[in-house]
Amino acid sequence: MTIDAQPVASHFIDGKPIEDEAGENLQVIYPATGEEVASLHYATPAIVEKAIAAAKAAQQDWAAMTGTERGRILRRAADIMRDRNRELSQLETIDTGKPLQETLVADATSAADALEYFGGLAGSLTGEHIPLGNGDFVYTSRHPLGVVVGIGAWNYPTQIACWKGAPALACGNTMVFKPSETTPLCALKVAEILSEAGAPDGVYNVIQGAGEVGASLVSDPRVAKVSLTGSVPTGRKVYAAAAAQMKHVTMELGGKSPMIIFDDANIEDAVSGAILGNFYSSGQVCSNGTRVFVQSSIKQRFLDRLKERLETVIMGDPLDEVTNFGPMVSAQQCEIVMGYIEKGKAEGAQLVTGGARADMPGYFIQPTVFADVKDDMTIAREEIFGPVMAVLDFETEEEAISRANDTEFGLAAGVFTNDLTRAHRVIGQLEAGTGYINTYNLAPVEAPFGGIKASGVGRENSKEAINHYSEARSVYVAMSEVEAPY
Ligand code: NDP
């Protein structure tokens, strides 16, 4: 079957698709077969300029609309997304290789949730009244930041475009979004839909490009804020460039998150959590619990059941809804992950299952589990971003907590136990921005999401995100005479 996913044009600026063929060629590859499905162009400096100028020109009028009016447009966009969920999910599958079975419930739907949630909040973004005694008071008001740049990773292209766009637009900012060059298609659909829902021209723009295009957006003085989803090394560069001009940032970065499974846990739930936290999206999820600490007494039972369930994985054409396990996003990512698997074997971890590429076209890797992993092994320290689970044994609660925290990352953490007090005691001590008790990897729009330590700055989703896409100003109001010392 030949897939044609060619968009009308490479970029979407000022309310319309736009092409600049002077830009270098950008091939879009379907990861399940390696075939080219679209051919785009990287943004030239002229395209970057057009996008920033359009966003700048649109911002004041957008901010001058009432929150209710802005919110109505976002909620209309959410409805359009839901109506077109199947078509958008198919495109997400072609862009990323994730199985349609997954994208139908996790991508455009999550993007629509963000548009609906922040659309709902937009009309109630108000300040506070702070009484100070003797009649004096302070009032505060919330203000948009201006032009916001969004830069996305390749694992959730539709979702990331909306998790950043929805709160930014709700607060009265405009956006220039640069998707990952690996998955350039989905954000264009988000821009089209927002425009169709009534977003004025220039409010949400998408341009294609690699790191250099991202860097030129970040350093433009007209940009007030940068929201990045990406790896820690890229985060460090982008944060430093933004700091040079004192810009606001949100950094959603990588992780090596721990999941601690105690011997009183429901084993079936713990295995399900470990599967969700390691193999969903073929392991290409930032918050994955890739260090699975299992209390020694249940280790064998846990591994046996895990292996049994992983043997039922269905790999195949991701567009076939029966398939529940897709390929790596690219040949390059496939090579990186295979490199880690070889390191795991060489450093002495015990291979329980998987450990090789699947014998089929595309970039498929078998779901892989290593046991007897030691804390200092490469596969226990570095983010792999593929279907590779490291199982580590532990004896005591204190030991598990201290080993779990021994990492530069702090994105997520999970605990499986039926002891209520232990669950809260342990999760409270784990250094992570996003915690789970007896489940893993759920990210509803109502809850804050993001990392601490090297895993990030700021929060996405929930009311928390509003603080990162707007700023408070305060006014002191005196109600009596001004007293001066002389
Ligand atoms: P990268 O860090 O390689 O890239 C992220 C984005 O930044 C891409 O669009 C990339 O462009 C762009 N970029 C690269 N260099 C620069 C620069 N100097 N200035 C501006 N932009 C730049 O991440 P991946 O795309 O490989 O995604 C995987 C990573 O993302 C993992 O570490 C994962 O943990 C993290 N992630 C974090 C999430 C979170 O919410 N915490 C969620 C999802 C993923 P291009 O690649 O097109 O060249």
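Below you will find a few notes about this structure. Just so it is clear, the structure is predicted and the values come from calculations on it, not from any experiment.

### Comments concerning the site of the ligand
Here's step 1: In the vicinity of the ligand, 28 residues are found, and the nearest of them are Gly-152, Glu-181, Ser-231, Thr-234 and Glu-383.
Here's step 2: Ser-231 places a polar side-chain atom, nitrogen or oxygen, 2.7 Å from an oxygen atom of the ligand.
Here's step 3: Glu-252 is positioned such that a nitrogen or oxygen atom in its side chain is 3.3 Å from a nitrogen atom of the ligand.
Here's step 4: Looking at the shell around the ligand, the element that brings in the most residues is helix H8 (residues 211-218), giving 3 residues.

### A short note on the environment of Glu-69
Here's step 1: Structurally, the position occupied by Glu-69 is in helix H2 (residues 67-83).
Here's step 2: By relative accessible area, Glu-69 is classed as partly exposed at 33%.
Here's step 3: Distance from Glu-69 to Gly-123, taken between C-alpha atoms, is 7.8 Å for residues 54 residues apart in sequence.
Here's step 4: A distance of 2.9 Å separates a polar atom in the side chain of Glu-69 from the backbone nitrogen of Thr-66.

### Some words on the packing of helix H3 (residues 85-96) against helix H7 (residues 186-196)
Here's step 1: Following both chains from N to C, one finds H3 and H7 inclined at 155 degrees, their axes separated by 9 Å at the closest point. As far as their axial angle goes, H7 and H3 are roughly antiparallel. Across the interface between the two elements, Glu-87, Leu-88, Leu-91, Glu-92 and Asp-95 of H3 pack against Cys-186, Lys-189 and Ile-193 of H7.
Here's step 2: Tallied by class, the residues present in the contact of H3 with H7 amount to 4 nonpolar, no polar and 4 charged.

Analysis parameters
Residues numbered from 1 in each chain as written. Predicted model: local features only at pLDDT ≥ 70, side-chain atom pairs only at ≥ 80, totals over all residues. Heavy atoms only, no water. Near = heavy atom within 4 Å. Polar contact = N/O pair within 3.5 Å; in protein donor to acceptor, adjacent residues only side chain to side chain. Helix = DSSP H or I, 4+ residues; strand = E, 2+ residues; numbered from the N terminus. Buried < 20%, exposed > 50% of the residue type's maximum accessible area, 1.4 Å probe, protein only. Axes fitted to C-alpha atoms, helices over the stretch in contact; angles between N-to-C directions. Parallel < 35°, antiparallel > 145°, perpendicular 65-115°, else oblique. Contact = heavy atoms within 4.5 Å. Nonpolar A, V, L, I, M, F, W, Y, C, P; charged D, E, K, R; others polar.

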